[in-house]
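Fold and contact review
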Amino acid sequence: PDYLRNPAYFAIYEDFLKQMSEREDYWHALPRDVARWWSKRAQLNIAGGFDDLQASLPGATIGSIRLAKDGIEIGL
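So, how was this worked out
- Every chain is numbered on its own, with residues counted from 1 as its sequence reads.
- Reporting in this predicted model follows two pLDDT cut-offs: at least 70 for local features of residues, and 80 or more for side-chain atom pairs to be given and counted; totals over whole chains, interfaces and linings ignore these cut-offs and use all residues.
- Note: side-chain values were computed over all heavy atoms of the structure, leaving out hydrogens and water.
- We count a stretch as a helix when DSSP gives it H or I for four or more residues in a row; a strand needs E for two or more, and each element gets its number in order from the N terminus.
- Accessible area is worked out with a 1.4 Å probe on protein chains only. A residue is then buried under 20% of its type maximum, exposed over 50%, and partly exposed in between.
- Throughout, a contact is declared for two residues whenever any of their heavy atoms are within 4.5 Å.
- Surface accessibility follows the Shrake-Rupley procedure with a 1.4 Å probe radius. Residue values consider only the protein chains on display as shielding.
- Counted as salt bridges are all cases of a side-chain nitrogen of Lys or Arg within 4 Å of a carboxyl oxygen of Asp or Glu.
- Two strands make a pair as long as DSSP finds a minimum of two bridges between them.
- Each patch groups residues whose relative accessible area exceeds 30% and which form no salt bridge, using 9 Å between like charges and 5 Å between nonpolar side chains of Val, Leu, Ile, Met, Phe, Trp and Tyr.
- Two N or O atoms count as a polar contact when they lie within 3.5 Å, although within protein this holds only if one can serve as hydrogen donor and the other as acceptor, and sequence-adjacent residues are included solely when both atoms are side-chain atoms.
- The quantity known as pLDDT measures the predictor's confidence residue by residue, on a range of 0 to 100.

Thoughts on the overall build of the protein chain
Along its length, the protein chain carries three helices and two strands. Its helices and strands taken in sequence order, the protein chain reads α-α-α-β-β from the N to the C terminus. Counting the 76 residues in the protein chain, one finds 11% classified as buried. For the protein chain, restricting intrachain contacts to residue pairs at least 6 apart in sequence, the fraction spanning at least 24 positions comes to 26%. Of the roughly 6,400 Å² of accessible surface on the protein chain, 54% is carried by carbon and sulfur atoms.

Digging into the pattern of salt bridges
Two side chains carrying opposite charge are able to pair once their charged atoms lie near each other. Per the counting criterion, the structure on display carries three salt bridges. A salt bridge links Lys18 to Glu22; its shortest N-O distance comes to 3.3 Å. Of the two residues, Lys18 and Glu22, neither departs from the other in class, the shared state being exposed. A salt bridge links Glu73 to Arg66, with the shortest nitrogen-to-oxygen separation between them at 3.0 Å.

Things to note about the pairing of strand E1 (residues 64–68)
One ladder, built from five bridges, connects E1 with strand E2 (residues 71–75); its direction is antiparallel. Bridged to Arg66 within E2 is Glu73. Hairpin connection of E1 to E2: two residues between the antiparallel strands.

Re a nonpolar patch on the surface
On the surface, Tyr3, Tyr9, Ile12 and Leu67 cluster together into a nonpolar patch covering about 440 Å² of accessible area. Position of Tyr9 among the secondary structure elements: in helix H1 (residues 7–21). For Tyr9, a relative accessible area of 48% translates into the label partly exposed.

With respect to the environment of Gln19
Along the chain, Gln19 falls in helix H1. Side-chain polar atoms of Gln19 contact the backbone oxygen of Ile72, separated by 3.0 Å.

What about the confidence of the model for the protein chain?
On average, residues of the protein chain score 78 in pLDDT, and 75% of them are at 70 or above. When the elements of the protein chain are averaged for pLDDT, helix H3 (residues 50–56) gives the smallest value, 64, and H1 the largest, 87.

Remarks on the environment of Ser64
Along the chain, Ser64 turns up in strand E1. Remark: the alpha-carbon pair of Ser64 and Ile74, spanning 10 residues in sequence, is separated by 5.8 Å. When residues no more than four places from it in sequence are discounted, the contact partners of Ser64 are Glu73, Ile74 and Gly75.

Here it is, written out as structure tokens:
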């Protein structure tokens, strides 16, 4: 994507991919799998929060990514 032409952004993205590949619970999805998941997700009403999400999409989890001084931090 064009936003990765910036070397600093590319480094952040590369760090993200490296950290995720080291996790055991990392979903190695093809673009079509992600599109299918987001299509299902868009049809949900998850006003009830995480419990509603897990009931509707088994295996789903909520996580966060934030920029830190030395790269990124991933939290689940």
